[in-house]
Amino acid sequence: MNNSHSFDGQFEFKGKAKTWSLIMIAIGVIGLLFGFLTGAGERTFANLLLNGYYISCVCICGIFFCAVQYVAQAGWSASVLRVPQAFAKTLPYAGIILLVIICAGLFITHTGPNEEGTSTTLPYLYKLWALKGVTTPGNENYDAVITAKSGYLNVPFFLIRLVIYLGCYSLLGRLLVKYSNNEDELGGMLNYNKSFKVSVIFLVIFGFTVPLFAFDTIMSLEAHWFSTMFGWYNFAALWVGGLSVITLTLIFLRKNGYMQWVTEDHLHNLGQLIFGFSVFWTYLWFAQFLLTWYANIPEEAAYFYRRWEPQFKPWFWLNIIINFLTPLLVLMARDSKRKVSVLQVACIILICGHWLDYWQMIMPGTVGPQSSWATEIGPIEISIFVGFAGLFIFMMLTALSKFKSLVPKKHPLLEESLHHHI
Amino acid sequence: MSSTKYILGLFADPDEMMHGIDTLQKNSVPIYDVYTPMPIHGIERKLGLKDSRLGYAAFMFGCLGGTTIFSMAYYMLVHDWPMNIGGKPAFAIPDFIPITFEWTVLFTAFGMTLTFFYATHLFPGRTPRVMDFRATDDRFVIAIDAKGNIPHDEITNLLKEAGAVEVKHNDRKYVSYE
């Protein structure tokens, strides 16, 4: 080995990182209680769904990142793989949290107006299609559009699908982590080849199911509306959001004296991916917007009409501005991708930006407009986001600290990664 | 006064050539340029080359393309011959974005290619000029401007010691494929 790095150091999860993540979780719990106790139950549930979906997506992105690297037989990333692997290890927990939120939202009910405005018993989440009697002709909640979709969009099949998606991703992610750990012990090409195969299988399953995952979890909140672009649009958000979290994690680990073999060249590559896929995200956002705007068919335009309400419009535009202009203006230059402080700020902006992206996908169709645009994002939104960020940091760093080494020591392409120059 | 214009050190191995660059730099011999059949990692940094300015050219061409088509579309669809398309306003910015994007990309791509050809004298139909034929095949060539770099024999010895398989003293800067 032609390098001076010691690979035996394990990550220790303690001190400031642990304290702060626990404080953040506490803030989230306070926000949660505040939401329920002040009678904003539906809003709190919408926020829980938002953040549960966000951290699941970030974890899925970790597996997707590993799988892409293995399938492309990429060498540059070998030395950073432990971070996305820690994300992969976190997915089962994040997935269970998401499922618990969705089950609670489906089965806990409250009284509120249905689509026609009559007062009825509604579930907290997916009230449009999961309320009682929605498919029974003559019932006050009967909805012909939902009835036509109910062969696919019904509660048992919905939950089965979610379990299958999250279960498949978690399982394949676990396998990738397991092979990588075995590789550390045994060396050789056997585990690399196995990882390659699992990655191929994952990418095929992921490619077909990730749009459905977005359709089910988010698009069905406004079940009268549909867009075939929505799945890929969500995939782009998942990929950019996840890459930003991976990059930010690497930057923080480096600052705390870990992973010193990660150079500005690796960060440059990650910055390029973030930049490129932010443009891809904008492309999909615009493709969805332009066609809807041009055709102006009422059932399609309903989605944007809701986001055109004065309470949502500023956020709607802010979303495209920060998620497109930040990477375009900040990350286009080579030097800014290689400068840790700039990249760090860009990542933080993009992480918040994609939170806002998910926020404006979810809120207009669930909670609806509040009194003014400024109160749309209030203490509940912020504290629950902070809480889930803390939860993710806690779970992910715990998973990371379980690895015996912070680098796949016997990865066949490790040398290439350690001498990566661009 | 010798008629030598350029001294070329031909190496058979990239590592030996890198060693040759080190030796020359240690002896304060300025290097004119290095020609290799394949890209070599870290050579830009070693030679202290400045970053390429092609990116700036690309950016300018992109701006030019975007502006050109946006103005054209504006003139045609808003000013000269406004049409009612699906009841949309004549100046419908979302409609203009795809074509603006496409022209930006088109101008960037062609502009970059032409700038590159211009900067490297590589226009199609023009016979390329090289300092040594084998630099595109199996030799790694360090070129030294002979003017002012004397004594030439010492440079020759330095290159030989560093592992050059051949040292040429050329009276002309370029050989041509003609």
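So, about the overall build of chain A. Along the backbone of chain A there are 15 helices and two strands. Relative to the compact-globule value of 22 Å for 422 residues, chain A shows a C-alpha radius of gyration of 22 Å, a close match. Along the three orthogonal principal directions, the C-alpha set of chain A runs to about 75 × 45 × 40 Å. A total of 422 residues make up chain A; the buried ones form 45% of that total. Long-range pairs, those at least 24 residues apart, make up 78% of the contacts in chain A with a sequence separation of at least 6.

Scanning chain B from N- to C-terminus turns up five helices and six strands. Listing each helix as α and each strand as β along chain B from the N terminus yields β-α-β-α-α-α-β-β-α-β-β. Its C-alpha radius of gyration of 25 Å places chain B more than 25% over the 16 Å reference for a compact globule of 178 residues. For chain B, the spread of C-alpha atoms along the principal axes amounts to about 80 × 35 × 30 Å. The buried share among the 178 residues of chain B stands at 16%. The long-range fraction of contacts in chain B, counting pairs at least 24 apart against all pairs at least 6 apart in sequence, stands at 83%.

The next subject is the interface of chain B and chain A. Facing five residues of chain B, the contacting portion of chain A comprises six residues. Residues that form the side of chain B that touches chain A fall into these classes: two nonpolar, three polar and no charged.

By domain assignment, chain B separates into domain 1 (6-50 + 128-176) and domain 2 (54-120). Domain 1 of chain B and domain 2 of chain B are separated by 44 Å when their C-alpha centres are compared.

A word on the sheet that holds strand S2 (residues 33-35) of chain B. Residues and elements named next belong to chain B. Spatial ordering of the open sheet is given by S2-S4-S1-S5, a layout of four strands whose pairing is antiparallel. At either end of the open sheet lies a strand with only one pairing partner, and these are S2 and strand S5 (166-170). With direction set aside, neighbouring strand axes in the sheet form an average angle of 20°. In terms of strand pairing, S2 meets strand S4 (residues 140-145) through three bridges, oriented antiparallel. Along S4, the bridge assignment pairs Val34 with Ile142. Relative to S4, helix H1 (residues 14-26) is tilted by about 20°, and along the sheet it contacts strand S1 (6-11) and S4.

The description of two helices packed together rests on the angle between their axes and the distance between the axes. All names here are of chain A. As a packed pair, helix H8 (residues 230-255) and helix H13 (residues 340-366) sit with axes 9 Å apart at the nearest point and diverge in direction by 145°. Judged by the twist between their axes, the crossing of H8 over H13 is left-handed. In this structure, H8 contributes Ala237, Val240, Gly241, Ser244, Val245, Thr247, Leu248 and Ile251 to the contact, and H13 contributes Val340, Leu343, Gln344, Cys347, Ile348, Leu350, Ile351, His354, Asp357 and Tyr358. For the contact of H8 with H13, the class distribution of residues is twelve nonpolar, five polar and one charged.

Attention now goes to the packing of helix H3 (residues 82-107) of chain A against helix H14 (residues 379-401) of chain A. Residue and element names in this part refer to chain A. Close contact between H3 and H14 brings their axes to 8 Å; oriented N to C, the two are set at 120°. Comparing the axis directions of H3 and H14 gives the class oblique. Handedness of the crossing formed by H3 with H14: right-handed. Taken together, the residues of H14 that come into contact with H3 (itself represented by Arg82, Ala86, Phe87, Lys89, Thr90 and Tyr93) are Met395, Met396, Ala399 and Leu400. The residue inventory of the contact of H3 with H14, partitioned by class, reads seven nonpolar, one polar and two charged.

All names here are of chain A. Pairing analysis gives five bridges linking strand S1 (residues 109-113) to strand S2 (residues 119-123), with the strands arranged antiparallel. Its bridge partner being in S2, Thr109 is matched across the sheet by Pro123. What sits between S1 and S2 in their antiparallel hairpin is a turn of five residues, with Gly117 showing a positive phi close to 100°.

Let's shift gears to the domain arrangement of chain A. All names here are of chain A. Here chain A is described as being made up of domain 1 (41-224) and domain 2 (229-372). For domain 1 and domain 2, the distance between their C-alpha centres works out to 19 Å. Facing the 29 residues of domain 1 at the interface are 30 residues of domain 2. In terms of residue count, helix H2 (residues 41-71) provides more of the side of domain 1 that touches domain 2 than any other element does, 14 residues in total. Its residues assigned to classes, the side of domain 1 that touches domain 2 comprises 23 nonpolar, three polar and three charged.

Before going further, it helps to examine the environment of A:Leu99. Residue and element names in this part refer to chain A. With respect to the helices, strands and loops of the structure, Leu99 is situated in helix H3. Considering only alpha carbons, one finds Leu99 and Leu49, 50 residues apart in sequence, at a separation of 9.3 Å. Setting aside anything within four residues of it in sequence, one finds Leu99 in contact with Leu162, Val163 and Leu166.

On to unusual backbone geometry. As a rule of thumb, non-glycine residues mostly have phi less than zero, and peptide bonds are mostly trans rather than cis. Of note in this structure, A:Gln73 is not a glycine but carries a positive phi near 50°. Tracing the backbone through its elements, the reader meets A:Gln73 in the loop between H2 and H3. Notably, B:His121 is not glycine yet its phi reads approximately 55°, a positive angle. Note on placement: B:His121 falls in the loop between helix H4 (93-120) and strand S3 (129-130). Look at B:His121 and you get exposed, because 11 C-beta atoms sit within 10 Å.

Cut-offs applied
Residues numbered from 1 in each chain as written. Chains lettered and ligands numbered in written order. Predicted model: local features only at pLDDT ≥ 70, side-chain atom pairs only at ≥ 80, totals over all residues. Helix = DSSP H or I, 4+ residues; strand = E, 2+ residues; numbered from the N terminus. Rg over C-alpha atoms; globule rule 2.2 N^0.38 Å. Buried ≥ 20, exposed ≤ 12 C-beta atoms within 10 Å, placed from the backbone. Contact = placed C-beta atoms within 7 Å. Nonpolar A, V, L, I, M, F, W, Y, C, P; charged D, E, K, R; others polar. Domains from an automatic or database assignment. Pairing = 2+ DSSP bridges. Axes fitted to C-alpha atoms, helices over the stretch in contact; angles between N-to-C directions. Left-handed = near helix turned anticlockwise from the far one by under 90°. Parallel < 35°, antiparallel > 145°, perpendicular 65-115°, else oblique.

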